[in-house]
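If you want the building blocks of each chain, they are given just below.
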Amino acid sequence: MPDTTPPVTLPPSTPATSSPGVFNQGQLDTIRKSEGIARAAQKPDYTPLLSADGMEADSPALLLAQCELWREFSGNAVAATTGKEQHTDIGSDAETQLKREIEYLRGKARLKINKNPAWPASTVTAFKARYFIGLDIFTNRALTEQSARDMISHATADDLPAVTAARLEKASELLQAFIGSEAPQSDAQSEATKLRNKRDASFAEVLRLRHDIQLAADAVWPWWDDANLAERREFLIPAGRAFTA
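In this report, the structure presented in the accompanying data block is examined. Because the structure is predicted, anything quoted here is derived from the model rather than measured.

### Some details on unusual backbone geometry
Of note, Ala-162 is a non-glycine position whose phi angle comes to about 65°, a positive value. Assignment of secondary structure puts Ala-162 in the loop between helix H5 (141-158) and helix H6 (165-180). Classification of Ala-162 as exposed rests on a relative accessible area of 57%. Here Ala-245, not a glycine, exhibits a phi torsion of approximately 60°, which is positive.

### A closer look at helix H1 (residues 25-41)
An ideal rise of 1.5 Å per residue puts 24 Å on 17 residues; H1 measures up with 25 Å between its terminal C-alpha atoms. Every buried residue of H1 is accounted for by Gln-27, Leu-28, Thr-30, Ile-31, Ser-34, Glu-35, Ile-37, Ala-38, Ala-40 and Ala-41. One side-chain oxygen of the residue at the start of H1 lies 3.2 Å from the amide nitrogen of Gly-26, identifying that residue as Asn-24.

### Here we look at the nonpolar core
Leu-98, Ile-102, Leu-105, Tyr-131, Met-151 and Leu-160 are the most contacted members of the largest nonpolar core, which totals 24 residues. Counting only elements with at least two residues in this core, the list comes to helix H3 (59-114), helix H4 (121-130), H5 and H6. Excluding residues that lie within four positions of it along the chain, Ile-102 makes contacts with Ile-137, Phe-138, Ala-148 and Met-151. Counting 23 residues, the second-largest nonpolar core is a separate cluster that includes Ile-37, Cys-67, Ile-213 and Ala-217.

### Topic: the packing of H5 against H6
In contact at an axis separation of 10 Å, H5 and H6 are set at 170° when each is read in the N-to-C sense. Between H5 and H6, the angle falls in the class roughly antiparallel. Between H5, through Arg-141, Thr-144, Glu-145, Ala-148, Arg-149, Ile-152, Ala-155 and Thr-156, and H6, the contact on the second element is made entirely by Leu-168, Ala-171, Ser-172, Leu-175, Phe-178 and Ile-179. Classifying every residue of the contact of H5 with H6 gives eight nonpolar, three polar and three charged.

### Here's the deal with the packing of aromatic side chains
Given two aromatic rings, their pairing is described by the distance between the two centres and the angle made by the two planes. Per the stated rule, a full pass over the model turns up five aromatic pairs. On the basis of an interplanar angle of 50° and a centroid distance of 5.6 Å, the ring pair of Tyr-46 and Phe-235 is categorised as tilted. On the criterion of sequence distance, the pair formed by Tyr-46 in the loop between H1 and helix H2 (47-52) and Phe-235 in the segment after helix H8 (229-234) is long-range, its members being 189 residues apart. Residues Phe-127 and Tyr-131 carry aromatic rings whose centres are separated by 5.4 Å and whose planes lie at 50° to one another, so their mutual orientation is tilted.

### Some words on the side chain of Gln-27
Looking at the secondary structure, you find Gln-27 in helix H1. Beyond its immediate sequence surroundings of up to four residues, Gln-27 is in contact with Trp-70, Arg-199, Asp-200 and Phe-203.

### Brief notes about the environment of Ala-38
Secondary-structure assignment places Ala-38 in helix H1. For the pair Ala-38 and Leu-209, spaced 171 residues apart in sequence, the C-alpha to C-alpha distance is 9.0 Å. What Ala-38 contacts, discounting residues up to four positions off in sequence, is Pro-60, Leu-63, Leu-64 and Ile-213.

### With respect to the environment of Asn-140
Tracing the sequence through the fold places Asn-140 in the loop between H4 and H5. The class for Asn-140 is partly exposed, based on a relative accessible area of 39%. Reaching out from Asn-140, the side chain makes a polar contact with the backbone nitrogen of Ala-142 at a distance of 3.2 Å. From its side chain, Asn-140 meets the backbone nitrogen of Leu-143 in a polar contact 2.8 Å long.

Reading the values: the criteria
- Residues numbered from 1 in each chain as written.
- Predicted model: local features only at pLDDT ≥ 70, side-chain atom pairs only at ≥ 80, totals over all residues.
- Heavy atoms only, no water.
- Helix = DSSP H or I, 4+ residues; strand = E, 2+ residues; numbered from the N terminus.
- Buried < 20%, exposed > 50% of the residue type's maximum accessible area, 1.4 Å probe, protein only.
- Expected span 1.5 Å × (residues − 1).
- Polar contact = N/O pair within 3.5 Å; in protein donor to acceptor, adjacent residues only side chain to side chain.
- Core = buried A, V, L, I, M, F, W, Y, C linked by side-chain atoms within 4.5 Å.
- Contact = heavy atoms within 4.5 Å.
- Axes fitted to C-alpha atoms, helices over the stretch in contact; angles between N-to-C directions.
- Parallel < 35°, antiparallel > 145°, perpendicular 65-115°, else oblique.
- Nonpolar A, V, L, I, M, F, W, Y, C, P; charged D, E, K, R; others polar.
- Phe/Tyr/Trp six-rings, centres within 6.5 Å; stacked < 30°, edge-to-face > 60°.

This is how it looks when you write it as structure tokens:
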């Protein structure tokens, strides 16, 4: 006899490449549920029973306060991360401007070489090395800063064609802008990390206080009595077994 059982349609899975957002949605869902547990524990009929079975009297109020603190840390972490991204954009823009200036100076160095066809190959090679022609000096910040500083210094001494003192001053300003873009980016990233750590520590405390209530509720309304199903659902503890946190 053929199997006529209808196929089970599974919900679409989350792509493997997806990553959690700065605002932790999983934690937020737990926070909302924890607030419901805290308010249930504050019901006049429930509070004495829960306290008698081990719940700390102030756990419900502390849980609500900790949930509010989590929201504050989480919101601040989002704001700080947004600030970090804005500073990152500034840094990238400064890098782009410096790259363009470096290519300008390299172009003038090539023009200098072209104007001196009598130079021996060794001189040409040495002159190219002064401007790091053919090399990527933007692989890390320390290399970029030192190489760009050297190039500007060489350009001052080498009398590159059409490179004026004003142009060299502009190049120096662009280098300083690139160097200065690092500090605010690093500071913002550090602040965002600290706030996320505070958010996660607050979340851990939310779980501790929530479990203090749920473990007491598990004792007040034991799983083996079907009459306790409504209360167990209210405190989000399993219906068919003991709560294990």
